[in-house]
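# What the coordinates show
Okay, here's what each chain looks like letter by letter:
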Amino acid sequence: GGVKNGNGHTPQALIIGIGYKEGIADTRESVALKIWNELENKGVKVHYHDPYIKKLNGSKSQELQNEFLKKMDVIIVTTAHKNINYDTILSSNKPLFDTRNALSDYQGNNIYKL
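First, a word on scope: everything that follows refers to the structure included in this document. (Residues numbered from 1 in each chain as written. Predicted model: local features only at pLDDT ≥ 70, side-chain atom pairs only at ≥ 80, totals over all residues. Heavy atoms only, no water.)

## Quick notes on the sheet that holds strand S6 (residues 96-98)
The strand order S2-S1-S5-S6-S7 describes an open sheet built from 5 strands, whose pairing is parallel. Each edge of the open sheet is held by one strand with a lone partner, namely strand S2 (45-49) and strand S7 (111-113). Taking the axes of each pair of neighbouring strands and ignoring which way they run, one obtains an average angle of 25° across the sheet. Across 3 bridges, the pairing between S6 and S7 is parallel. Paired with Leu-96 across the bridge in S7 is Ile-111. (Pairing = 2+ DSSP bridges. Helix = DSSP H or I, 4+ residues; strand = E, 2+ residues; numbered from the N terminus. Axes fitted to C-alpha atoms, helices over the stretch in contact; angles between N-to-C directions.)

This is the structure:
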């Protein structure tokens, strides 16, 4: 198996937005896919949410529901789509890495700007 975190389970990450840029379904040259590959290479189970891309690489876009978000160890915003419920993501209190300044209007101790 892969890496285990302190809880003895495989770490899980959620990538928000896998499109190359906001508002479109094109994944060519998408930095999200590079991050996805890096995480998988390190033994992390990767999930994603993207309103424009329902299926990719045998995975499907996950609904942003609290039960699901609670299982994530980290959430990474890689494409700043406008039509994403950032409030729900923030309320999960999970470490949230914002690579696109998508959360500039939000405050929270769990937001990390990259």
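From this point, the narrative continues.
## What to know about the packing of aromatic side chains
The full count for this structure, using the stated rule, is 3 aromatic pairs. A centroid spacing of 5.7 Å and a plane angle of 40° characterise the contact between Trp-36 and Tyr-48, whose relative ring orientation is tilted. Of this pair, Trp-36 sits in helix H1 (residues 31-41) while Tyr-48 sits in strand S2, placing them 12 residues apart in sequence. Residue Tyr-48 is classed as buried on the basis of its relative accessible area, which comes to 1%. (Phe/Tyr/Trp six-rings, centres within 6.5 Å; stacked < 30°, edge-to-face > 60°. Buried < 20%, exposed > 50% of the residue type's maximum accessible area, 1.4 Å probe, protein only.)

## Observations concerning the nonpolar core
Soluble globular proteins: nonpolar side chains tend toward being buried together. Core analysis: the biggest nonpolar cluster contains 17 residues, and Leu-14, Ile-16, Ile-75, Tyr-86, Ile-89 and Leu-96 have the highest contact counts within it. Elements represented by at least two residues in this core include exactly strand S1 (12-16), helix H2 (66-70), strand S5 (74-77) and helix H3 (86-91). Residue contributions to this core peak at 3 residues, all from H3. Contacts of Ile-16, omitting those with residues within four sequence positions, involve His-49, Leu-64, Ile-75, Ile-76, Val-77, Thr-78, Thr-79, Ile-84, Tyr-86 and Ile-89. In this structure, Ile-15, Ala-32, Leu-39 and Val-46 belong to the second largest nonpolar core, which totals 13 residues. (Core = buried A, V, L, I, M, F, W, Y, C linked by side-chain atoms within 4.5 Å. Contact = heavy atoms within 4.5 Å.)

## Quick notes on unusual backbone geometry
One non-glycine residue, Glu-29, adopts positive backbone phi at about 60°. Looking at the secondary structure, you find Glu-29 in the loop between S1 and H1. A relative accessible area of 67% means that Glu-29 is categorised as exposed. Notably, Asn-101 is not glycine yet its phi reads approximately 55°, a positive angle. Note on placement: Asn-101 falls in the loop between S6 and S7.

## Here we look at H1
For H1, the set of buried residues is Ala-32, Trp-36 and Leu-39. End-on, the buried residues of H1 take up no more than an arc of 70°, which puts them together on one face. Looking at H1, the residues exposed on the side facing more than 90 degrees away from the buried face are Lys-34 and Asn-41. In the core, the buried residues of H1 are packed alongside S1, S2, strand S3 (55-56), strand S4 (59-60) and S5. The opening residue of H1 is Ser-30, an N-cap whose side-chain oxygen sits 3.2 Å from the backbone nitrogen of Ala-32. Remark: Gly-43 follows H1 within two positions and exhibits a positive phi of approximately 90°. (Arc of directions from axis to C-beta. Polar contact = N/O pair within 3.5 Å; in protein donor to acceptor, adjacent residues only side chain to side chain.)

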